[in-house]
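Chain and residue survey
Now for the letters of each chain:
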Amino acid sequence: MKVNENFSNLATSYLFTEVARRQREYTAAHPDAEIIRLSIGDVTRPLVPVVIDAMTKAVAEMGKAETFHGYGDEQGYGFLREAIVKYYAGKGVELALDEIFISDGAKSDVGNILNIFSTNNIVAVPDPVYPVYVDTNIMDGRKVVLLDANAANGFLPMPGEEHVDIIYICSPNNPTGAVYNREQLTAWVEYALAHDAVILFDAAYEAFINDPVLPTSIYQIPGAEKCAIELCSLSKTAGFTGTRCGYTIVPKALVKDGASLNAMWLRRQTTKFNGVPYIVQRGAEAVFTPEGMAQCKENIAHYRENAKVMGAAFDKLGISYCGGVHSPYIWLHCPDGLTSWEYFDVLLEQYHIVVTPGSGFGKNGEGYLRLTAFNTAENTKKAMERLTK
Ligand code: PLP
């Protein structure tokens, strides 16, 4: 037998293990140090009350023969897809029920969607970005072209002359917090239509967008329904990181190489996926009610306030950064020409603050750090006071 030899081409991912190792070693040598982790990529607030109520009711239903649910529709229950149709109508985007596929989170579908594309496609991925895009393509053996995201282009690479077949767009971006505006996304849609390419639009942080002028969905750009798949998640919108629910939109107008990508994705999902738990989908439905939206917005406002506190501290210190406005991430430029790991060590050893080195998100992340707003207000303030004192 032979294994998938493409796995040997994966770079060893040591980012979070190395962060944990350095923290562990420091704590062992300095047991009294009170460490504050501004590296957490996970939400810190619990599920909102309407979600808990909906899931509690669903649990009770599962305990009675008359309301019990076994296997559901692989695409997701109609009630949740209808809620998402309405949510998108509020963005001015018209979707059909069968263009929405409920998932167990964006990460799974970011990888799984590649199942419907040839391994001969050339893939464009921004650098730095969420590492899953590059790794899932390397696992399949596709050629990856990196798009430089740097201070000069505001961490928002734009299309070039080179031909690619699949384009990843993450807006707002993890880790930089940069968000594309309408003109920039229009340029990407025009490129994709001209090159017969497909955009994989990761909108995991769309709920953090704080300006009504900025697009929160690629389908707000005319023509995107003919060239884009959108992947979204309730993880950061509604604290579902542990509950697991997201959705993928594959428009019926998306036809490539003579095939309907919607039909192919349906075929893939009905073959390899058996749906998201009923209880979770009832909780997700509650997110999209007016009450659910209001409660989730409160949590997002809390994270946004933390980001503001961090931004104000770095302004005071004269350390440049971006992000934090439409995103839970602050992207900090390491001062004095320090590398990501050098400044990581300074913050750990002198201030007892743990962050994430930007170099772990791609070569252009060298010299930067990612700080997250996923923390308590108290810890965020305390960490910033340590830095500014
Ligand atoms: N996409 C991006 C850009 C992310 O940063 C993350 C998680 O951090 C995900 C997708 C994964 O989301 P989910 O929890 O829905 O799998």
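Presented here is a report on the structure given in the accompanying data block. Fair warning: this is a prediction, and the values are worked out from it, not measured in the lab.

Points about the site of the ligand
- Surrounding the ligand, one finds 14 residues, the nearest of these being Ala106, Asp202, Tyr205, Ser233 and Ser235.
- Take Ser235: an N or O atom from its side chain is 2.6 Å from an oxygen atom of the ligand.
- Within the contact set of the ligand, an oxygen atom lies 2.7 Å away from a side-chain nitrogen or oxygen of Arg244.
- For the ligand, the accessible surface in isolation is 390 Å², of which the surrounding protein chains cover 91%.
- Those elements that place two or more of their residues in the shell around the ligand are α4 (106-112) and α7 (235-238).
- The class makeup of the residues in the shell around the ligand is 6 nonpolar, 4 polar and 4 charged.

Looking at the side chain of Gln281
- Relative to the helices and strands, Gln281 resides in helix α9 (residues 278-287).
- When its relative accessible area of 1% is taken as the criterion, Gln281 is described as buried.
- Only 2.8 Å separates the side chain of Gln281 from the backbone nitrogen of Tyr77, close enough to count as a polar contact.
- At 2.8 Å, the side chain of Gln281 and the backbone oxygen of Val276 are in polar contact.
- Among residues more than four places away in sequence, those in contact with Gln281 are Gly76, Tyr77, Phe79, Leu80, Ile102 and Val276.

Structural notes on helix α1 (residues 15-29)
- Taking 1.5 Å per residue as the helical rise, α1 with its 15 residues ought to reach 21 Å, and the 22 Å between its terminal C-alpha atoms agrees with that figure.
- Here α1 has its buried residues at Leu15, Glu18, Val19, Gln23 and Tyr26. Taken around the axis of α1, the buried residues stretch over an arc of 135°, which confines them to a single face. Seen from the open side of α1, the exposed residues pointing more than 90 degrees away from its buried face are Thr17, Arg24 and Ala28.
- Buried residues belonging to α1 abut β1 (36-37), α11 (340-351), β13 (353-354) and β14 (356-357).

Section: the sheet that holds strand β12 (residues 329-333)
- Read across the sheet, 4 strands follow the order β11-β12-β15-β14 without closing on themselves; strand pairing throughout is antiparallel. Two strands in the sheet have a free side with no partner beyond their single neighbour: β11 (321-323) and β14.
- Here β11 runs beside β12; their pairing, made up of 3 bridges, is antiparallel. Its bridge partner lying in β12, Cys322 is registered against Trp331.
- Set on the sheet, helix α10 (residues 290-317) makes contact with β11, β12 and β15 (368-372); between it and β12 the angle comes to about 15°.
- Across the sheet, α11 touches β12, β14 and β15, and the angle it forms with β15 is around 50°.

Topic: the side chain of Asn174
- Positionally, Asn174 belongs in the loop between β5 (166-170) and α6 (182-195).
- Asn174 gets classed as buried once you look at its relative accessible area, which sits at 5%.
- Engagement of the side chain of Asn174 in a polar contact is seen with the side chain of Arg370, the distance being 2.9 Å.
- If sequence neighbours within four positions are ignored, Asn174 has contacts with Val129, Tyr130, Tyr205, Tyr329, Phe361 and Arg370.

A short note on the packing of aromatic side chains
- Throughout the structure, instances matching the rule amount to 22 aromatic pairs.
- Both rings, one in Tyr130 and one in Tyr133, keep their centres 5.6 Å apart while their planes meet at 80°; by these two values the pair is edge-to-face.
- With relative accessibility at 0%, the residue Tyr133 sits in the buried group.
- The cationic tip of Lys91 hangs over the ring face of Tyr88; the distance from NZ or CZ to the ring centre is 5.3 Å.
- Positioned above the aromatic ring of Phe79 is the side chain of Arg282, whose terminal nitrogen or guanidinium carbon lies 3.6 Å from the ring centre.

Comments concerning the layout of surface pockets
- By volume, the largest pocket amounts to about 1300 Å³.
- Forming the walls of the largest pocket are 46 residues, and the residues nearest its centre are Phe16, Tyr130, Pro131, Val132 and Phe361.
- Elements with a contribution of two residues or more to the lining of the largest pocket: α1, α4, β3 (122-127), α5 (132-140), β4 (143-148) and α7.
- Per-element accounting of the lining of the largest pocket gives the leading share, 6 residues, to α5.
- Partitioned by chemical class, the residues of the lining of the largest pocket number 24 nonpolar, 13 polar and 9 charged.
- Space inside the second largest pocket adds up to approximately 450 Å³.
- Around the second largest pocket, the lining is made up of 21 residues, and of these Tyr87, Glu206, Ile209, Thr216 and Lys297 lie nearest the centre.
- Here the element with the most residues in the lining of the second largest pocket is α10; it accounts for 6 residues.
- Tallied by class, residues from the lining of the second largest pocket come to 10 nonpolar, 5 polar and 6 charged.

Analysis parameters
Residues numbered from 1 in each chain as written. Predicted model: local features only at pLDDT ≥ 70, side-chain atom pairs only at ≥ 80, totals over all residues. Heavy atoms only, no water. Near = heavy atom within 4 Å. Polar contact = N/O pair within 3.5 Å; in protein donor to acceptor, adjacent residues only side chain to side chain. Areas by Shrake-Rupley, 256 points an atom, 1.4 Å probe, with all protein chains shown as cover. Helix = DSSP H or I, 4+ residues; strand = E, 2+ residues; numbered from the N terminus. Nonpolar A, V, L, I, M, F, W, Y, C, P; charged D, E, K, R; others polar. Buried < 20%, exposed > 50% of the residue type's maximum accessible area, 1.4 Å probe, protein only. Contact = heavy atoms within 4.5 Å. Expected span 1.5 Å × (residues − 1). Arc of directions from axis to C-beta. Pairing = 2+ DSSP bridges. Axes fitted to C-alpha atoms, helices over the stretch in contact; angles between N-to-C directions. Phe/Tyr/Trp six-rings, centres within 6.5 Å; stacked < 30°, edge-to-face > 60°. Lys NZ or Arg CZ within 6 Å of the ring centre and 35° of its normal. 1 Å grid on protein atoms, 1.4 Å probe; cavity = no way out; pocket = protein on both sides within 12 Å on 5 of 7 lines; lining within 4 Å. Points joined across faces, edges and corners; volume = space filled by probe spheres on them.

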